[in-house]
Amino acid sequence: MGRERVKNPVHPTQKPVKVLSHLIKLATKPGDLVLDPFMGVGSTGVAALQLGRRFTGIEIDPAYFKAASKRIEGVTITPTLFADDTQETIIGEDEKPTLEESEELTLF
């Protein structure tokens, strides 16, 4: 179905992020909350977060939930490209923030 398709685990109804992004743009504004009560592998969450929306997802299958969490974490954790003028920011390999340490978004 495309390069973005999660292959482990394979979800039978995974949607392309591009399609979901279009729908989210039509139905929401930046900062709105997008709820996906049947999250699967998290395509809706990826699209929502890339568009500046907040996201809450629910998934009953532990394998799909784990895949979605990993996928969404990749969207929400971004390195600081520029430090402000008053403070230098250097993050070492062992100091990279994790999803749990991030206070920007509550995903689940």
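Residues numbered from 1 in each chain as written. Predicted model: local features only at pLDDT ≥ 70, side-chain atom pairs only at ≥ 80, totals over all residues. Heavy atoms only, no water.

A few points about helix α1 (residues 17-27)
Those residues of α1 that sit buried are Val17, Leu20, Ser21 and Ile24. Buried residues along α1 cover an arc of 105° about the axis, so they all sit on one side. Residues of α1 that are exposed and point more than 90 degrees away from the buried face comprise Lys18 and Leu26. Residues of α1 that are buried in the fold lie against β1 (33-36), α2 (43-50) and α3 (62-76). (Buried < 20%, exposed > 50% of the residue type's maximum accessible area, 1.4 Å probe, protein only. Helix = DSSP H or I, 4+ residues; strand = E, 2+ residues; numbered from the N terminus. Arc of directions from axis to C-beta. Contact = heavy atoms within 4.5 Å.)

Quick look at the side chain of arginine 53
Tracing the sequence through the fold places arginine 53 in the loop between α2 and β2 (54-57). For the buried arginine 53, which has no salt bridge, the nearest side chain bearing the opposite charge is aspartate 32, at an N-O separation of 5.9 Å. Within the structure, arginine 53 has its side chain in polar contact with the backbone oxygen of lysine 29 (distance 3.4 Å). A distance of 2.6 Å separates the side chain of arginine 53 from the backbone oxygen of leucine 51, its partner in a polar contact. What arginine 53 contacts, discounting residues up to four positions off in sequence, is Ile24, Lys25, Thr28, Lys29, Pro30, Gly31, Asp32, Val34 and Ala48. (Lys, Arg positive; Asp, Glu negative; His and termini not counted. Salt bridge = Lys/Arg side-chain N within 4 Å of Asp/Glu carboxyl O. Polar contact = N/O pair within 3.5 Å; in protein donor to acceptor, adjacent residues only side chain to side chain.)

Side note on the nonpolar core
Among the nonpolar cores identified, the biggest contains 12 residues, and these are Val17, Leu20, Ile24, Val34, Met39, Val46, Ala47, Ala48, Leu49, Phe55, Ala68 and Ile72. Secondary-structure elements contributing two or more residues to this core are α1, α2 and α3. Among the elements that make up this core, the one with the highest residue count is α2 (4 residues). Not counting chain neighbours up to four residues away, the residues in contact with alanine 48 comprise Ile24, Val34, Arg53, Arg54 and Phe55. (Core = buried A, V, L, I, M, F, W, Y, C linked by side-chain atoms within 4.5 Å.)

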